[in-house]
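Report on the structure
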Amino acid sequence: MMMVAHEMRAPVTAIQGILRTILDGYLGEISPRQKELLSRAELRTHSFLSLINDLLDLGANETELVESKLSPTSLKDVLDKVLGLLGVKLKEKNIEIEVETPETPLIISEVEGDMEKLFTNLIGNAVKYTASNGKVSVRIGIEDKSIKIVVSDTGIGISSEDLPHVFEEFYRAKNARMLEREGTGLGLPIVKRIVERYDGKISVESEPNKGTIFTIIFPENKIKISPGNKRK
Ligand SMILES: Nc1ncnc2c1ncn2[C@@H]1O[C@H](COP(=O)(O)OP(=O)(O)OP(=O)(O)O)[C@@H](O)[C@H]1O
Ligand SMILES: [Mg+2]
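With that out of the way, let us pick up the sheet that holds strand E6 (residues 201-207). Taken in spatial order, the 5 strands make up an open sheet running E2-E4-E5-E7-E6, and their pairing is mixed. Each having just a single partner strand, strand E2 (96-100) and E6 make up the two edges of the open sheet. In this sheet, neighbouring strand axes are inclined to one another by 10° on average, regardless of whether the strands run parallel or antiparallel. Where E6 lies against strand E7 (residues 211-219), 7 bridges are found, and the strand directions are antiparallel. Looking at E7, one finds that serine 206 is bridged to threonine 212.

Further remarks concern the pattern of salt bridges. Enumeration according to the criterion identifies 14 salt bridges in this entry. Glutamate 116 is the partner of lysine 81 in a salt bridge, and the nearest nitrogen-oxygen pair spans 3.0 Å. With a gap of 35 residues between them, lysine 81 in helix H3 (residues 75-85) and glutamate 116 in helix H5 (residues 114-128) connect regions that are remote in the sequence. According to the relative accessible area criterion, lysine 81 is partly exposed, its value standing at 45%. Here glutamate 98 and arginine 139 are joined by a salt bridge, their closest N and O atoms 2.9 Å apart.

Although it is not a glycine, asparagine 94 adopts a positive phi angle of roughly 50°. Tracing the chain through its elements places asparagine 94 in the loop between helix H4 (87-92) and E2. At lysine 145, a position not held by glycine, the phi torsion is positive, near 65°. Positionally, lysine 145 belongs in the loop between strand E4 (135-143) and strand E5 (146-153).

In this section: the environment of glutamate 96. Residue position: glutamate 96 is located in strand E2. Residue classification places glutamate 96 among the partly exposed positions, given a relative accessible area of 47%. In this structure, the C-alpha to C-alpha distance between glutamate 96 and aspartate 153, residues 57 residues apart in sequence, is 9.8 Å. Discounting chain neighbours no more than four positions away, the residues touching glutamate 96 are Gly134, Lys135 and Val136.

What follows covers the domain arrangement of the protein chain. We note that the domain assignment places domain 1 (2-59) and domain 2 (67-227) within the protein chain. For domain 1 versus domain 2, the separation of C-alpha centres amounts to 27 Å. Taken together, the contact between domain 1 and domain 2 spans 7 residues of the former and 9 residues of the latter. For the pair domain 1 and domain 2, the two sides together bury roughly 700 Å², of which 60% comes from carbon and sulfur. For the domain 1 face of the interface with domain 2, the top three residues by lost area are Asp54, Asp57 and Leu58, together amounting to 69%. Where domain 1 meets domain 2, there are 1 salt bridge. The shortest N-O distance in the salt bridge between lysine 117 and aspartate 57 comes to 3.2 Å. Residues that form the side of domain 1 that touches domain 2 fall into these classes: 3 nonpolar, 1 polar and 3 charged.

Turning next to the site of ligand 1. What surrounds ligand 1 is a group of 22 residues, the closest being Asn125, Tyr129, Asp153, Arg172 and Leu188. Separating an oxygen atom of ligand 1 from a side-chain N or O atom of asparagine 125 is a distance of 2.8 Å. Between an oxygen atom of ligand 1 and a main-chain N or O atom of alanine 173, the distance comes to 3.0 Å. Here ligand 1 has 600 Å² of accessible area as a free molecule, and 95% of this is covered by the chains. For the shell around ligand 1, a count of residues per class yields 12 nonpolar, 7 polar and 3 charged.

Met115, Leu118, Phe119, Ile123 and Phe218 are the most contacted members of the largest nonpolar core, which totals 49 residues. Among the elements that make up this core, the one with the highest residue count is H5 (7 residues). The residue makeup of this core includes at least three contributed by each of domain 1 (2-59) and domain 2 (67-227). Discounting residues that sit within four places of it in the chain, isoleucine 123 has contacts with Leu79, Val82, Leu83, Leu86, Ile97, Val136, Val138 and Val151.

Calculation criteria
- Residues numbered from 1 in each chain as written.
- Chains lettered and ligands numbered in written order.
- Predicted model: local features only at pLDDT ≥ 70, side-chain atom pairs only at ≥ 80, totals over all residues.
- Heavy atoms only, no water.
- Pairing = 2+ DSSP bridges.
- Helix = DSSP H or I, 4+ residues; strand = E, 2+ residues; numbered from the N terminus.
- Axes fitted to C-alpha atoms, helices over the stretch in contact; angles between N-to-C directions.
- Salt bridge = Lys/Arg side-chain N within 4 Å of Asp/Glu carboxyl O.
- Buried < 20%, exposed > 50% of the residue type's maximum accessible area, 1.4 Å probe, protein only.
- Contact = heavy atoms within 4.5 Å.
- Domains from an automatic or database assignment.
- Buried area = accessible area lost by both parts, 1.4 Å probe.
- Nonpolar A, V, L, I, M, F, W, Y, C, P; charged D, E, K, R; others polar.
- Near = heavy atom within 4 Å.
- Polar contact = N/O pair within 3.5 Å; in protein donor to acceptor, adjacent residues only side chain to side chain.
- Areas by Shrake-Rupley, 256 points an atom, 1.4 Å probe, with all protein chains shown as cover.
- Core = buried A, V, L, I, M, F, W, Y, C linked by side-chain atoms within 4.5 Å.

If you want it as structure tokens, here you go:
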């Protein structure tokens, strides 16, 4: 499966590039109808590419952290970037977002992209599975020398039958499938992989129709927290 995913990435990326070129008008003017269909094709290509990337992420066997691959990252900067990217969705659904981060910037050592994927998937889910006018909150704090990240929402929740399965690949609960057709069930498995890479722990509590809370704890020894000296 990984080989297939890998082989698919290049052609799909090429198709996306071609669609973009036409959409941007480099081949001459296009009619509104053409534009609409091409935009739709581009959107689907984009989803397809995300799926390929998710599969490749899960297939990567590098669970071990290699020192040379680590670089300092400000957690707050990553969070701001992810919230920026989710901005349109948040506005669309009129979801209130509450963010709590420590005063001093938290710099951690990560493999570039890990924390971004983690926040994108957790906050993305919180927004996706919360109806309009709901609330999502993200809290980052230090507790007993560990980093604690809590992402909670006032969304559809997860039933006690589904709860033990949400970190399994391709698992999607019925209420989630009913609310949002789009989804593969690979987001949380990817998050779990990342958390375990840094010797962290992830847990989830939820009540149907009330909301969901994901809590992550990263021990200091693996993630190397250095407050204050912002280098990035
Ligand atoms: N915040 C949440 N509120 C309610 N249900 C959730 C939440 N987060 C995850 N879930 C449940 O866990 C399932 C797995 O989540 P996961 O992110 O892995 O997949 P997905 O969001 O369905 O698809 P994708 O691969 O696009 O992320 C979801 O389908 C949903 O049933
Ligand atoms: Mg998801």
